[in-house]
Amino acid sequence: MVYPLLRAFRAQPARPAPRCARDPAGPHTPDSGAGAVSAIVPAVFISGPGSQAAPLRVLSYLAGIAWFLALAFPPLTQRTYMSENAMGSTMVEEQFMGGDRARNFARDFAAHRRKSGALPVAWLERTMRSVGLEVYTQSFSRKLPFPDETHERYMVSGTNVYGILRAPRAASTESLVLTVPCGPESTNSQAVGLLLALASHFRGQIYWAKDIIFLVTEHDLLGTEAWLEAYHDVNVTGMQSSPLQGRAGSIQAAVALELSSDVVTSLDVAVEGLNGQLPNLDLLNLFQTFCQKGGLLCTLQGKLQPQDWTSVDGPLQSLQTLLLMVLRQASGRPHGPHGLFLRYRVEALTLRGINSFRQYKYDLVAVGKALEGMFRKLNHLLERLHQSFFFYLLPALSRFVSIGLYMPAAGFLLLVLGLKALELWMQLHEAGVDPGEAGRASGPRPPLPPAQGVGLASLVAPLLISQAMGLALYILPVLGQHVAAQHFPVAEAEAVVLTLLAVYVAGLALPHNTHWVLSIQTPDRGWMALKLVALIYLALQLGCIALTNFSLGFLLAAVMVPAAALTKPSGSRPFYAALLLLTSPAAILLGSLFLWWELQEAPVSLAEGWQLFLAALAQGVLEHHTYGAMLFPLLALGLYPCWLLFWNVLFWK
């Protein structure tokens, strides 16, 4: 390839030498630096009617989407297996037969709760002591940043009750947790009854090598967070709580239990934790193993496991389950108390008993035996669960996709941004050269005008204003809720949502404000430099997000990448504007809600979807300030300013 280039250069007629190699005003010839670069770099990155970059980008995008859809089909989806040797066998005999006692505990708990109107702390203390536990309580309080209209609470105060079963065969260096959350909407009486019955049964066994903590929390996740912060002696959410009087060893694993009736038709498992964290896959395999041993029907995302993988129906059902998991993990919400344990490096699951119209039903004895088997196997652990996967996707309960198999899907999408950025970089270096003539290797060329430089000062204003709008979107809703509530007939929670929408829409005026701020002559190719910066900014954000929360990174990339690659200030501006609006962060959230309910086979109308969208905005802000969920700051401080840069490119003058 080098020899034809040399012959082409030798065939050119002699030309006068430039005045100075460093003189920017000198004649622009193919012998200069920019011409040499254009002669060597392949034409695939040079824009023009015959460019091959656009088909390559389309192919890369389609490959990423196709790779993701193929994750639900063998051989990309693999069978789960147990990696931890200490939990490889289920040859233990479960002896729990306390179903009647669990129901009696549940009835007494429900009666005392109705009588007191709150968690019956005194009754729980008395009952836990009667079964031989060390009993302690913890009071906590939390003032939310604004009223939670979903649960109708603002000033929250409650009490957690927990009992410790000391291990008779070892020192209190390690422990396991069985927790039951009790909220104002769900009393969870059957789960409390089963917890007390299991505590009574465990108390009579002598093989325990780890302490077991039986925890009953008030106000759902708020009580769980208060207890975890006090147990680990940290305060990351501003929770006010009393110190714990009793402690056990380092928590190795935890199981949260939620039951709605005395009989269940299936046990649904939740694995998605705070900010998309997942428990070690061995813990999920342990749950599935004991469900199979006891004949319990177990589900994931409320869906049964596909039975026939040879036909198309099985993979299609697993694809539906996979999409549900991606949407739940991308939300960053803790989908159960286990989601808060994962923050403290404690492997945890949430088990929910479902009572539907299925034919086979199971009582509390079957559920208790499954929990007993799980705790007995966790009791054998010599170290924390670490041998199996922490990053995975679940198309079914018995199938998984490892990180090495799903990351190429995000890589193909990010390659589109890289190719477009490289093409823009080449165009900036080829400024003043006609792309149609850039690939000609021979023949004299007429003198060309000097290359236009890109004024970096013209990029400062859009970058600063975009980040300022993102900062305003993050700070103003909570900070100005009282001012908005005073001047408008709305509540504080509604004021937060309305301020969010107002600041978000105000960002659409950014291009006009940017040109008012600019005080220098904007170069013709300034929008190329701005888009180059925006593409690199977006690629870095999506890449970092995909490494920690693949579902969120892939979902954002699948929607935002096409608009980011196509946007330009020429051509059909209304089409590009509509495309940008449909791929904005708010539109992605709204579309995800509709997709979620469609996959749940319970589609919602436009009015219902809008109400769910407003509630999701309020919950996203509230969960960030309450639990530390990172979705809201990621969108407000990262993706929204980056999206504004592309909006600025579209209206560049």
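Thresholds applied
Residue indices begin from 1 for each chain and proceed along its sequence in written order. Since the coordinates come from a predicted model, pLDDT governs what is reported: local features require at least 70, and pairs of side-chain atoms require 80 or more to be given and counted, while whole-chain, interface and lining totals use all residues. The side-chain quantities take in all heavy atoms of the structure and omit both hydrogens and water. UniProt positions are given in the numbering used here, feature names are shortened, and annotations may be inferred rather than shown by experiment. Numbering goes from the N terminus for both helices and strands, where a helix is a DSSP run of H or I of at least four residues and a strand is a run of E of at least two. All axes here are fitted lines through C-alpha atoms, helices being fitted over the stretch that makes contact, and every angle between N-to-C directions spans 0 to 180 degrees. Oblique is the label for every angle not falling under 35 degrees (roughly parallel), over 145 degrees (roughly antiparallel), or within 65 to 115 degrees (roughly perpendicular). Helix crossings are classified by the rotation of the near helix relative to the far one: an anticlockwise turn of less than a right angle makes the crossing left-handed, while a clockwise turn makes it right-handed. Note on definitions: a residue-residue contact is assigned when non-hydrogen atoms from the two residues lie within 4.5 Å. Relative accessible area decides the class of each residue, using a 1.4 Å probe on protein chains only: under 20% of the type maximum gives buried, over 50% gives exposed, and in between gives partly exposed. Each direction from the helix axis to a C-beta atom contributes to the arc, which is the arc of those directions.

(A) View of the UniProt feature "transmembrane region" (unreviewed entry) in the protein chain. Under the present numbering, the feature "transmembrane region" (unreviewed entry) in UniProt falls on residues 389-417, 488-510, 530-563, 575-597 and 630-652. With 70% helix and 0% strand, the stretch residues 488-510 has end C-alpha atoms that lie 26 Å from each other. In residues 575-597, helix accounts for 91% and strand for 0%; the two terminal C-alpha atoms are 29 Å from one another.

(B) Just unusual backbone geometry, in detail. Of note, the amide linkage connecting Pro 74 to Pro 75 takes the cis form, showing an omega dihedral of 10°. Inspection of the secondary structure assignment puts Pro 75 in the loop between α3 (53-70) and β1 (78-79). The residue His 219 is not glycine, and still its phi comes out positive at about 60°. Within the fold, His 219 resides in the loop between β5 (211-218) and α7 (221-231).

(C) Local environment of the packing of helix α12 (residues 403-429) against helix α19 (residues 550-566). It is at 10 Å that the axes of α12 and α19 come closest, and there the two elements cross at 25°. Here α19 runs roughly parallel to α12, going by the angle between their axes. Between α12 and α19 lies a crossing whose hand is left-handed. Residues Tyr 406, Met 407, Ala 409, Ala 410, Leu 413, Val 416, Leu 417 and Lys 420 of α12 pack against Phe 550, Phe 554, Ala 557, Ala 558, Val 561, Ala 564 and Ala 565 of α19.

(D) How the structure looks around helix α5 (residues 121-130). Along α5, the residues that are buried comprise Val 121, Trp 123, Leu 124, Thr 127 and Met 128. The buried residues of α5 occupy one face: seen down the axis, they fall within an arc of 160°. Exposed side chains of α5 directed beyond 90 degrees from the buried face belong to Ala 122 and Ser 130. Lining the buried residues of α5 we find α4 (99-116), β2 (134-148), β3 (153-165), α6 (189-203) and β5. Gly 132 occupies a position one or two residues after α5 and carries a positive phi of about 95°.

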